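# Survey of secondary and tertiary structure
The lines below spell out each chain.
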Amino acid sequence: MKNGKATKGERASFSGRLGYVLATAGSAVGLGNIWRFPYLAAKYGGGIFVLVYVVLALTFGYTLMVSETAIGRMTRKSAVGAFRTLGKGKASVAGGWFNAIIPILILPYYSVIGGWVCRYLFTYITGQVSQAAGDAYFTSFLGSAAGSEFWFLVFALATIIVIVLGVEGGVERISKIMMPAMVVLGVFVAIYSMTRPGAMAGVKYFLVPNFSNFSWMTVVAALGQMFYSLSCAMGILVTYGSYMKKDVDVEKASRQVIIFDSGIAILAGMMIIPAVFAFSNGDAATLKAGPSLMFITMPKIFDSMGFGRPVGIVFFLLVLFAALTSSISLAETCVSTFQDELGWKRLPSSLFVFGIMILLGSLSSLGYNLLSFVKLFGMEILDFFDFLTNSLMMPIAALIICALVIFAIKPSGIAQEIKQSSRFTGEKMYSVIVRFVAPVFILVIFITSVLSVLGVFSL
Ligand code: TRP
């Protein structure tokens, strides 16, 4: 999607708004939408979670996306470089690095889940439709150290091979076909799931906000999910913005990505949550299943339909593509940070990233079997990395970005950048949120989630 290779001194760029939106949506839509959003919504209150999520995405998510993209477009650099150019001194370089480290911590455990998807694709290819729907299938897969490690390595290798060969363009081209296909299959599966007997209670749970399900954790989880799903608060959009042409409407592009990304997440919820009610009676234990939810409910849906095997194959293939485009873009960001900032060559940078993936990913994967005695603050290792990045580091990264905007660029500087290409209709809202609402709100969320993990109180 970048217009070929950049010639010396000239940065490659997206072809226009459509190019930018497609590329950004390709990195945004991934396991976050299909795997993570439905399980969080199921766990943290259903409709009320969805409501909080959508409000946060349209206010905070929008503010952060616009800021990061504008920062990238004005400096034509990725996170660390942009912070160095705009900020003052060492502190801002450190701020840039703090952003840049987050993808390096996400990529390993992302690949573990990618491995689960590969395993289920294989399960359906070999026709084990009814076995996969059994209650213990997922746990016994996770319980085998060799099995889960093997599939994690398959996914991690696929990602790094694409990076080393530099063939991301090919994957992007395929994913242009895969994304619409995913929407079509998603609608089909969601309708099937919603029309099962008993599923309506699930539709209601997912779509109708019930304030008695609200807890502070709903907000903490929704905020982390928003950063994660929109790929913001980790410097990625700075890089994407640096490839954006000066005539692209930043606001409109950001809104389109948010709407598309949230749409896919809600669609995934419509497949999974009604099925929890239809096939497991909506019992609390399944609703709170956490990371395993998609892998428990989808096989039950496929087993109950006539063509479970082909539908299962297509479903996991599409999820695999969504996951791969995201993991490739995560890995690419990590590799280019080392290339740009430390002057490393591409191959050593890629191998270093691969090494980190193997090391931290194996910890997450073995946390369910060999290392199952290890619990970090009461969490599985994978959950811990997820919590560390989404609930602790990204709020801080978001604060750092707000600080850069408030003190170094000034909201008017961002506005000036945006107005080069279009009107800035949300300017007032933007400047109020970035100056006051976001810093205060994020700080409160951050402090309460730290205190709750430390066991000072429970949320
Ligand atoms: N947004 C991606 C998803 O929903 C995950 C993700 C987080 C990501 N950070 C990223 C993808 C950076 C690409 C680049 O699955």
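What counts and what doesn't
Residues numbered from 1 in each chain as written. Predicted model: local features only at pLDDT ≥ 70, side-chain atom pairs only at ≥ 80, totals over all residues. Heavy atoms only, no water. Helix = DSSP H or I, 4+ residues; strand = E, 2+ residues; numbered from the N terminus. Buried < 20%, exposed > 50% of the residue type's maximum accessible area, 1.4 Å probe, protein only. Contact = heavy atoms within 4.5 Å. Areas by Shrake-Rupley, 256 points an atom, 1.4 Å probe, with all protein chains shown as cover. Lys, Arg positive; Asp, Glu negative; His and termini not counted. Charge placed at Lys NZ, Arg CZ, Asp CG, Glu CD. Core = buried A, V, L, I, M, F, W, Y, C linked by side-chain atoms within 4.5 Å. Axes fitted to C-alpha atoms, helices over the stretch in contact; angles between N-to-C directions. Parallel < 35°, antiparallel > 145°, perpendicular 65-115°, else oblique. Left-handed = near helix turned anticlockwise from the far one by under 90°. Nonpolar A, V, L, I, M, F, W, Y, C, P; charged D, E, K, R; others polar. Expected span 1.5 Å × (residues − 1). Bend = angle between axes of the 7 residues up to and from the residue. Near = heavy atom within 4 Å. Polar contact = N/O pair within 3.5 Å; in protein donor to acceptor, adjacent residues only side chain to side chain. 1 Å grid on protein atoms, 1.4 Å probe; cavity = no way out; pocket = protein on both sides within 12 Å on 5 of 7 lines; lining within 4 Å. Sits in = over half its atoms within 2 Å of the grid points.

A separate point is the overall build of the protein. The secondary structure content of the protein amounts to 20 helices and zero strands. For the protein, the spread of C-alpha atoms along the three principal axes comes to 60 × 50 × 40 Å. Looking at the 459 residues of the protein, the share that counts as buried comes to 59%. Across the protein, every contact between residues at least 6 apart in sequence was considered, and the portion connecting residues at least 24 apart equals 81%. Summed over its atoms, the accessible surface of the protein is roughly 17,700 Å², and 69% of this surface lies on carbon and sulfur atoms. Looking at the protein, you have 33 positive and 20 negative side-chain charges, and the mean spots of the two groups are 6 Å apart.

Looking now at the nonpolar core. By size, the foremost hydrophobic cluster in this structure holds 158 residues, and its most contacted members are W116, M294, F295 and F316. A per-element tally of this core places helix α16 (residues 308-342) first, with 16 residues. When near neighbours in sequence (up to four residues on either side) are disregarded, F316 contacts V117, Y120, L121, Y124, M294, F295 and F302. If you look at the next biggest cluster of nonpolar residues, it comprises five residues, including F384, F387, L392 and F446.

In this structure, R76 takes a positive phi of about 60 degrees despite not being glycine. Mapped onto the elements of the fold, R76 is located in the loop between α3 (47-75) and α4 (79-86). A residue is classified by how much of its surface remains accessible, and R76, at 29% relative accessible area, is partly exposed. The backbone phi angle of S231 is positive, close to 50 degrees, even though this residue is not glycine. S231 gets classed as buried once you look at its relative accessible area, which sits at 8%.

All right, on to the packing of α3 against helix α11 (residues 216-229) then. Running from N to C, α3 and α11 point in directions that differ by 50 degrees, and their axes come no closer than 9 Å. With respect to each other, α3 and α11 are oriented oblique. Relative to α11, α3 is oriented so that their crossing is right-handed. Contact residues: I48, F49, V52, Y53, L56, A57, F60, G61 and L64 in α3; T218, V219, A221, A222, L223, Q225, M226, F227 and S229 in α11. In terms of residue class, the contact of α3 with α11 is built from 14 nonpolar, four polar and no charged.

Time to look at helix α20 (residues 427-453). With 27 residues, α20 should cover 39 Å at 1.5 Å per step; its first-to-last C-alpha distance of 37 Å lies within 8% of that length. The sharpest bend along α20 measures roughly 50 degrees and falls at I433. Those residues of α20 that sit buried are Y430, S431, I433, V434, A438, P439, I442, I445, F446, T448 and S449. Buried residues in α20 make contact with α3, α11, α18 (381-409) and α19 (411-419). Of the residues flanking the end of α20, it is G455, one or two places downstream, whose phi is positive at about 85 degrees.

Not every one of the 15 residues close to the ligand is listed here, only the nearest: A28, G32, Y110, Y228 and I236. Here a nitrogen atom of the ligand sits 2.8 Å away from a polar atom, N or O, in the main chain of Y228. The separation between a nitrogen atom of the ligand and a polar main-chain atom of S229 is 3.1 Å. For the ligand, whose accessible area on its own is 360 Å², the fraction buried by protein is 100%. One can see that the ligand is located within the largest cavity. If you list the elements that add at least two residues to the shell around the ligand, you get α1 (17-28), α2 (31-43), α11 and α16. Along the lines of polarity and charge, the residues of the shell around the ligand split into seven nonpolar, eight polar and no charged.

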